[in-house]
Amino acid sequence: MTTRHALVVEDTPTNLDFLVRLLTQAGFQVTGVPNGAEAVKFVNAQERLDLAVLDMQLPDMNGLDLTRMIRAQSENTYIVVASMHDERSLMDKVFVRGGNCYLVKPHGFMELFKRLTTTSIAELCADNYLVVDHYGPRTYHLIAKDS
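Attention here is on the structure that accompanies the text. Everything quoted here is computed from the prediction, not taken from an experiment.

**Describing helix H4 (residues 88–96)**
- Residues of H4 that are buried: Leu90, Met91, Asp92, Val94 and Phe95.
- Two residues or fewer past H4, Gly98 is found with a positive phi of approximately 115 degrees.

**Some points on the environment of Asp133**
- Looking at where Asp133 falls in the secondary structure, it is placed in strand E6 (residues 130–133).
- Other than its neighbours up to four places away in sequence, Asp133 contacts Asp86, Val104, His107 and Arg138.
- At a separation of 2.9 Å, a polar atom in the side chain of Asp133 contacts the main-chain amide nitrogen of Tyr135.

**Considering helix H1 (residues 13–25)**
- Between the first and last C-alpha of H1 there are 18 Å, a value that for 13 residues agrees with the 18 Å anticipated at 1.5 Å per step.
- Residues of H1 that are buried: Leu16, Leu19, Leu22 and Leu23. The buried residues of H1 occupy an angular sector of 135 degrees when projected down its axis, which confines them to one face. For H1, the exposed residues lying more than 90 degrees away from the buried face are Pro13, Thr14 and Gln25.
- Buried residues in H1 make contact with strand E1 (4–9), strand E2 (28–33), strand E3 (51–55) and helix H5 (109–118).
- Positive phi appears at Gly27, one or two residues downstream of H1, with a value of about 95 degrees.

**Section: the packing of aromatic side chains**
- A complete count under the given rule lists three aromatic pairs for this structure.
- Ring plane angle 35 degrees and centroid distance 5.3 Å describe the contact between Phe95 and Tyr140, whose orientation is recorded as tilted. Linking Phe95 in helix H4 with Tyr140 in the segment after strand E7 (136–139), this pair joins segments that are 45 residues apart in sequence. With respect to class, Phe95 is no different from Tyr140; both count as buried.
- Among the aromatic side chains, those forming a connected cluster through ring pairs are Phe95, Tyr129 and Tyr140.
- Over the aromatic face of Phe28 sits the side chain of Arg4, whose NZ or CZ is 3.9 Å from the ring centroid.

Reading the values: the criteria
Residues numbered from 1 in each chain as written. Predicted model: local features only at pLDDT ≥ 70, side-chain atom pairs only at ≥ 80, totals over all residues. Heavy atoms only, no water. Buried < 20%, exposed > 50% of the residue type's maximum accessible area, 1.4 Å probe, protein only. Helix = DSSP H or I, 4+ residues; strand = E, 2+ residues; numbered from the N terminus. Contact = heavy atoms within 4.5 Å. Polar contact = N/O pair within 3.5 Å; in protein donor to acceptor, adjacent residues only side chain to side chain. Expected span 1.5 Å × (residues − 1). Arc of directions from axis to C-beta. Phe/Tyr/Trp six-rings, centres within 6.5 Å; stacked < 30°, edge-to-face > 60°. Lys NZ or Arg CZ within 6 Å of the ring centre and 35° of its normal.

Below, the structure is given as structure tokens:
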């Protein structure tokens, strides 16, 4: 089986540790970084990145800019943006910039784990615009064209 590579970008150490452990249990080789600059450096050095889990608010960059940069480099990376904000306009921005999944913290990490252990990355990418919040997973219907 091919090694699956994941990146976690999270500035809260306990959340970073939790996500790294969760994705490792899901069978990924995981790199965790605390800011956007280290994420950009890591992504630029990779030949392939299967999964990126990004915190929306980082000390040096926001998740929207990081999503756009990762998507420009890899159309096959499954990009998950996690935020405390359950805002439709923010969800639109994430999906317009190339995100595949929007998780409202702290909900959804176990749903993500379940999907990563039962579904291929290609299948996950085909099921675009997934939102996971306190209501559970659902397909999101994009309104904005660009923001």
